[in-house]
Each structure stands twice: as structure tokens, then as C-alpha cells.
Amino acid sequence: MSKKVQAIYLWWHKPVIDKELLQSLPNLKVIANSGVGMDHLDLKLVASFGVKMANAPCAVSSSRADTGMALLLASARRLVEGYHIAISSGIEYREANFLGVEVTGATLGIIGMGSIGYEIALRAKAFEMNILYHNRTQRKEHEEQAVCATYCKKIDNLLQQADFVMVVVSLTPQTHKLIGKRELELMKPTATLINISRGAVVDQEALVTALQTGVIRAAALDVTYLEPLPRDHKLLKLKNVIITPHLGIKTDKATYMITEEAVENILAALNGLPIPSEVLPS
């Protein structure tokens, strides 16, 4: 069958695309990914075989943004802790000992203002949040005005001002451990870090220390490195952390839309047409 295969649809990083597989598929024209992140692919290797690549940014923006806001709200209002208290027997607590932090009017710093980051800004505006963002390029003025967002050319300025820092970047050599010890120490001691990008964007050991020592208030993570974390990992023992198992795009509607977008990309490639969501090696 190898000579008949012209397209691969990747779901959750499978099948593994390596040199051996590419050599076995002489007529492969396109690889369509079920999501935005392409860090599991060697883009230059794939391109060297003359194979096109595409992702699915349109399909996942809303579901990822919803996940980011859900984590922000859950952490701010300590919903997971509250749930365990509500269902536990024999635990008494006073309201004054169980205070969360206000979201309305707080400052949200978005690191990575692509399509997902912008969707988050739209949601944050509805909560009357003050929105800062850091991105490789500044958004157009009318786009900033639509969400009342302020551009921070330097990430340090964002980190120093934000009550909530939301990380929404692709994993690249440049963003690997983008948030490390130095960046965490720039944040307010009352701030919360939310990561919905990739686990390796944050230095997890530095994050553990920051959470243990009060450098930051809390963290809410939909991604970790590794996934899942080893069961004895220190992050799993901390009360000021919420961790979800990479739920970002896992809705029925998003899954359907991802498949549609992948099919559209594949059909375009096979018919020699421009690929709507083509990804080029950097």
C-alpha cells in the first residue's frame, strides 16, 4: 500500500513521522495535523521529502480559549479546593479562610496574541479585565481597540503588571522554557500563571519552587512535561495548582471541525491548490 499513500492525517501525534516512514511513502504529498502545535514534527525533514504540511488553527481557537478562561476562573475562585471541601465529611472551614481573588477588573497578560490569544482577549474583555499582550508582532490598531488591549514590546513589562499571565505560544527552540526562574520572579506574588500552550514552554522545576516559596500565588496548567506527569511529581502535591490532562481542544464540535479543516487542507494539496493552513519550515 505504500505507493498508494498520498496523505497522512495526524491525530494526537500518530503515526510518528520519521525518516524511515517518509522513505517508505514515495508518493506522499501532504501531512495534515489535528491541531495547531507542530513541535512533534521535524518540519525541515518533512519538507526535504517534498511533502507539504498543514495544521488546524481555525478549528481549535475557540475551544482552547474557553479552556484558558475556565482555568483562570477555577484558579481565581479556588473551585477545585471548594469542591473537595463541599463533598468532604468532618471538615469545617470559615469563609474568611477560603478567599479567592477577583477576576473582574484584574489585569490579564497574554503571551502570544495569535488567533487563540485574541479569542482569550475577547472573553477577558467581557469580564472587564485590563488586557496586556506580548507578541512577536504588534496587532493592528483596530484589533487592539476592539478588545482594549495594550501591547508590551518587552515581556518583562507584562510580567511585572499582570495579575494573571496566560501563555499561548507555540513550542519552538526560542520558546522552550520561555517562563523560567527569572520570569517567575518578575511576576507579582499575588499573580497566577496559566499555561495552555505546551508544557516545555515553562521550566517546571522553577515553577515548583516558585509555588512552594510564594514567588507567585498559583498556577493552572492544561499542559505539562511529561504528559501525564510521573505520579510522584511535586506539582501533583501542591494545593495551589490546578492540572488538567490537555483538554484544550477536546470538545465534540472542535473534533469535528478539526477533521473538516484537515480534509480541506488534504484535498487542496492533492488537487494542486493553495493549502489554506499550510505550515512552512522556519
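Small disclaimer: the values here were computed from a predicted structure and weren't measured. (Residues numbered from 1 in each chain as written. Predicted model: local features only at pLDDT ≥ 70, side-chain atom pairs only at ≥ 80, totals over all residues. Heavy atoms only, no water.)

A. Geometry of the domain arrangement of the protein. Domain annotation of the protein identifies domain 1 (2-59 + 250-271) and domain 2 (61-243). Taken over C-alpha atoms, the centre of domain 1 sits 30 Å from the centre of domain 2. Contacts between domain 1 and domain 2 engage 9 residues on the former and 6 residues on the latter. Regarding the contact of domain 1 and domain 2, the summed buried area is about 580 Å², with carbon and sulfur atoms giving 41% of it. A per-residue breakdown of the area domain 1 buries against domain 2 is headed by Val 36, Asp 39 and Pro 57, which together make up 54% of the total. There are 1 salt bridge connecting domain 1 and domain 2. Our count for the domain 1 to domain 2 interface comes out at 2 residue pairs in polar contact (both at pLDDT 80 or more). (Domains from an automatic or database assignment. Contact = heavy atoms within 4.5 Å. Buried area = accessible area lost by both parts, 1.4 Å probe. Salt bridge = Lys/Arg side-chain N within 4 Å of Asp/Glu carboxyl O. Polar contact = N/O pair within 3.5 Å; in protein donor to acceptor, adjacent residues only side chain to side chain.)

B. Local environment of the packing of helix α3 (residues 57-76) against helix α10 (residues 252-270). Relative orientation of the contacting elements α3 and α10 amounts to 165 degrees, with a least axis distance of 8 Å. Overall, the two elements α3 and α10 adopt an arrangement that is roughly antiparallel. Every pair of crossing elements has a handedness; the one defined by α3 and α10 is left-handed. Side by side, α3 and α10 meet where Pro 57, Cys 58, Ala 59, Val 60 and Ser 63 of the first sit next to Ala 254, Met 257, Ile 258 and Glu 261 of the second. Each residue belonging to the contact of α3 with α10 can be placed in one class, and the counts come to 7 nonpolar, 1 polar and 1 charged. (Axes fitted to C-alpha atoms, helices over the stretch in contact; angles between N-to-C directions. Helix = DSSP H or I, 4+ residues; strand = E, 2+ residues; numbered from the N terminus. Parallel < 35°, antiparallel > 145°, perpendicular 65-115°, else oblique. Left-handed = near helix turned anticlockwise from the far one by under 90°. Nonpolar A, V, L, I, M, F, W, Y, C, P; charged D, E, K, R; others polar.)

C. Region of interest: the packing of α3 against helix α5 (residues 115-126). Where α3 meets α5, the closest approach of the two axes is 8 Å, and the angle between their N-to-C directions is 45 degrees. It follows that α3 is oblique to α5 by the angle criterion. As for how α3 packs across α5, the hand of that crossing is right-handed. Mapping the contact onto sequence places Pro 57, Val 60, Ser 61, Ser 62, Arg 64, Ala 65, Asp 66 and Met 69 in α3 and Ser 115, Ile 116, Glu 119, Ile 120, Arg 123 and Ala 124 in α5. Tallied by class, residues from the contact of α3 with α5 come to 7 nonpolar, 3 polar and 4 charged.

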